[in-house]
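Each chain, written out:
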Amino acid sequence: MKGYLISVEGSDGSGKSTQLQNIIAYLQQKQVDLVVTREPGGTTLSEAIRALLLDATYTEMTAKTEMLLYAASRAQHVEQKIMPALQQGKVVVTDRFTDSSIAYQGYGRELGDMVEKVNEIATGGCQPDLTIFLDLPPQQGILRKRQEQNHTMDRLELEKLAFHEKVYAGYQALYQKQPNRICCIDASQNVENVFAQIQKQIDALLGL
């Protein structure tokens, strides 16, 4: 039995957390054998790397260091958690995957093609069967984040708007290259409309 990997992507403030909860609730209701995870993170070691990456005090972190830490976290995550679940025929839903690195480090940090090459090594070629890209311009996303109650902005969220605009351009470029894998959904719509479109994509993939 084949497992499936579904990733949820988008710029900061695009509504990923809300839609992830909707996806999880829907798949649990359908009694899908489900593993839910996130990046960076997903394993004990990967979560430790996440803490380093998002700590706002590490302002001296270089672009290449950032890229390699994300890749290290992902390598552990894929080998320890994602691949075993897929081999058991489970559906894995992850909050971010390689597209994030290409958008944030490849485009945002302007590291280019090296990000994709490093991540091919980190993942062993593991790619999502479906990527939900929640499309929201960065100005709107950052505004949403700042309006959230009790939310402390992390190291990447604190970057200037110009950085987030490059990240957004990266996501757009990825979608143009791989429209069969990446489903682009207008995240400025209301929550119900966004999820209705996500559900349609998941149903088609899983045959629900």
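As a reminder, the structure under discussion sits directly above these lines.
How each quantity is defined
- Residues numbered from 1 in each chain as written.
- Predicted model: local features only at pLDDT ≥ 70, side-chain atom pairs only at ≥ 80, totals over all residues.
- Heavy atoms only, no water.
- Pairing = 2+ DSSP bridges.
- Helix = DSSP H or I, 4+ residues; strand = E, 2+ residues; numbered from the N terminus.
- Axes fitted to C-alpha atoms, helices over the stretch in contact; angles between N-to-C directions.
- Contact = heavy atoms within 4.5 Å.
- Buried < 20%, exposed > 50% of the residue type's maximum accessible area, 1.4 Å probe, protein only.

A. Region of interest: the sheet that holds strand β2 (residues 34-38). Spatial ordering of the open sheet is given by β2-β3-β1-β4-β5, a layout of 5 strands whose pairing is parallel. Edge positions in the open sheet fall to β2 and β5 (182-186), since each of these has one partner strand only. Adjacent strand axes in the sheet meet at a mean angle of 20°, parallel and antiparallel pairs treated alike. Bridge analysis of strand β1 (residues 4-10) against strand β4 (residues 130-135) gives 5 bridges, and the strand direction is parallel. Residue glutamate 9 lies in a different strand from β4, and its bridge partner there is phenylalanine 133. Against the sheet, helix α3 (residues 63-87) makes contact with β1, β2 and β3 (91-95), and its axis sits at roughly 160° relative to β2, the strand it touches most.

B. Spotlight on helix α4 (residues 98-108). Among the 11 residues of α4, 10 are classified as buried, and the element is accordingly described as predominantly covered. Within the span of α4, buried status applies to Thr98, Asp99, Ser100, Ser101, Ile102, Ala103, Tyr104, Gln105, Gly106 and Gly108. Where the residues of α4 are buried, they touch β1, α3, α5 (114-123), β4, α7 (161-177) and β5. Backbone geometry just downstream of α4 places glutamate 110 in the positive-phi region, at approximately 60°.

By themselves, these observations are geometric and do not establish any function.
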